[in-house]
Amino acid sequence: MINLKKEISNLISEKLNINKSKIYENVSIIKEKDKGDYTFPCFTLSKELKKTPNIIADELKQNIKNSDFIEKIESINGYLNFFINKEFLTREVFKEFDEKKENYGKSDIGNKKTILIEYSSPNIAKPFHIGHLRTTVIGRALYNIYKFLGYNTISINHLGDYGTQFGKLIEAYKLWKDEYNIEENPIEELTKMYIRINKLCEEDENVLNRCRNNFKLLEEKDDYCVSLWKKISDVSMDEFNKIYDLLNIKFDSIRGESAYVDDMHEVIEILEKNKKITLSDGAKIVDLTLDGINTPCIIQKSNGSSIYATRDLEAILYRARTYDYDRCLYVTGSEQNLHFKQIFAVAKYLDLNEKYVKGLQHISYGMYRLKEGKMSTRKGNFIKVEDILNESIEKAKSKILEKNPNLEDIEEVSKKVGIGAVIFSDLYNSRIKDEIFDIDEMLEFQGETSPYIQYMYVRINSIIKKSDENVLLKDINYSKLSDEQSYSIVKLLYNFTDTVIQAKEKNEPYILSRYLIDLSKSYSVFYNQNKVLSDDIEERKARLYLINIVGCVLKKGCELLGIQMPNKM
Ligand code: ARG
């Protein structure tokens, strides 16, 4: 498909003696109505060309040669505005769709570069909390987006399955295993046990020592401790899998922190060789003041055990070797900003090829707050993400049944709508913003929600079904789509790939979410003003073809975000 931004930059650069890429970067899409489609602001060129922006724009308007894709050019207050020929663009979009069908929008700009995306990574024996929901949802969307753009994308779940807390859990298990129903409600029960053993440790030094000893035994691979740890790990994973099933998530690799423990001496040896380790109260630390970080990174505790950071460093070595990655993204909350700054700084001293160090990036996000008086108080502080998801499904179900009491497949549809709503609301704002979690709001059928998009999609499908017509590209009379509403849809369809690329560049799925809302809204305006199944056969064919592309793009866009489309609702 034609690259309008590029073509326009070329036309301008033929007339100006200025760096081509500078021109390209300055050409942008116009969002307001009636002002044209693309604009080139001339202000930054003023100094270099020794002319006022108005004069530069006027001269360009006079001199730029006519092209078939341009309808007219205007020069207004130093801006050069391009109006694209509507029919030309519509033809381009339709032709592209005809060739690519469900792959419309897909691109290979990623050149098969390898991108690791680490996300979710909950801690076993602990609740999968609402922050883990965010990393899971954001990470998966990024994974799909990179894949769609031709990257070799690998998803990693870096389970938190190691740490001194297991010494305590083992002790708690030995003491009270019969009092708790671990099989039935593993995480809740293990959490209770953990709180209780911590209290006991504070009161009784002997218990604390026994816990420490358990952890030591675990590190030495004592049979009993290892099998208990494994059991805890398995029951936790079963719990997490329920959530992953609801969200329809799979990982290319699930590799917990414990996998790195045996090799962590490697990290220490390299750092020692590079004279980066200093001792502090018997612990091994790396001072990072020269890297502008005031808190040193602890690599090994005084008792010889590894910590979170050490395991992350070993994981970097492992990933570099195993995947030869170009980039490695960590989708984790902003409360871990310092941690990632530290390990990325220490990574510079691990004798890694520079590309592996440069490729590390923390994709951080803000907090999810529960709406006061709602879920936050129901079960004390223990809110199960699984319950939240199920609640959303239930609420979606009753809303759908209100509208459509006899809907078949109601279970499946409510799942798609209920889960979609939670995912979409998470992806509707910039990652960094703190969010309020409000199920009722996210399930609104009107507004900036996924049920709204899904509803538009379902309506499109029902019109297409009703028409019972298979429209071919050669049957399209483009003059039937010259109205305002049709063209605003065409423009959005044309911008689909570009939107996904922008979302990828900023690692911000919300750019795609907002686009899907814009497209749905444009469709709704179009639909309210135009009868799709018109009696004029040519009009009807052209409109059917157009809305079919809208439906496909809505579906694909939602799919990238991790949201599935119902066929009816
Ligand atoms: N398990 C950690 C937590 O729940 C998140 C892990 C993030 N990833 C990492 N490589 N450190 O807080």
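Residues numbered from 1 in each chain as written. Predicted model: local features only at pLDDT ≥ 70, side-chain atom pairs only at ≥ 80, totals over all residues. Heavy atoms only, no water.

**Describing the side chain of Thr114**
In this structure, Thr114 sits in strand β5 (residues 114–118). Judged by its relative accessible area of 9%, Thr114 is buried. The residues contacting Thr114, other than those within four sequence positions of it, are Asn152, Ile154, Tyr323, Asp324, Tyr325, Asp326 and Arg327. (Helix = DSSP H or I, 4+ residues; strand = E, 2+ residues; numbered from the N terminus. Buried < 20%, exposed > 50% of the residue type's maximum accessible area, 1.4 Å probe, protein only. Contact = heavy atoms within 4.5 Å.)

**Some thoughts on the sheet that holds strand β6 (residues 152–157)**
The parallel open sheet is built from five strands, whose spatial order is β7-β6-β5-β11-β12. Across the chains shown, the open sheet's two edge strands, defined by having one partner strand only, are β7 (253–254) and β12 (360–365). Looking at chain direction, β5 and β6 are connected through five bridges and run parallel. Within the sheet, the bridge partner assigned to Leu116 lies in β6 and is Ile154. Sheet strands touched by helix α6 (residues 130–148): β5, β6, β11 (327–333) and β12. Its angle to β11, the strand with the most contacts, is close to 155°. (Pairing = 2+ DSSP bridges. Axes fitted to C-alpha atoms, helices over the stretch in contact; angles between N-to-C directions.)

**A look at the confidence of the model for the chain**
Taken residue by residue, the chain gives an average pLDDT of 94. The fraction at 70 or more is 98%. A low-confidence stretch, residues 373–380 stays under pLDDT 50, and its non-local contacts, those more than four residues away or across chains, total 13 contacts. (pLDDT = per-residue confidence, 0-100.)

**Remarks on the pattern of salt bridges**
Side-chain pairs of opposite charge can arise where the charged atoms are in close proximity. Summed over the entire model, instances satisfying the criterion amount to 38 salt bridges. For the salt bridge of Lys358 with Glu354, the shortest nitrogen-to-oxygen distance reads 2.9 Å. Residue Lys358 and its partner Glu354 are both found in helix α14 (residues 354–358); the two are separated by four residues, about one turn of the helix. Via salt bridges that share partners, Asp324, Asp326 and Lys355 belong to a single interconnected network. (Salt bridge = Lys/Arg side-chain N within 4 Å of Asp/Glu carboxyl O.)

**Here we look at the site of the ligand**
Every residue near the ligand is listed here: Glu118, Ser121, Asn123, His132, His158, Tyr308, Asp312, Tyr330, Thr332, Gln336, His339 and Phe340. Interatomic distance of 2.9 Å between a backbone N/O atom of Ser121 and a nitrogen atom of the ligand. One of the side-chain nitrogen or oxygen atoms of Tyr308 is found 2.7 Å away from a nitrogen atom of the ligand. Burial of the ligand by the protein amounts to 89% of the accessible area it has alone, namely 350 Å². Where the shell around the ligand is concerned, the elements lending two or more residues are α12 (308–323), β11 and α13 (337–347). (Near = heavy atom within 4 Å. Polar contact = N/O pair within 3.5 Å; in protein donor to acceptor, adjacent residues only side chain to side chain. Areas by Shrake-Rupley, 256 points an atom, 1.4 Å probe, with all protein chains shown as cover.)

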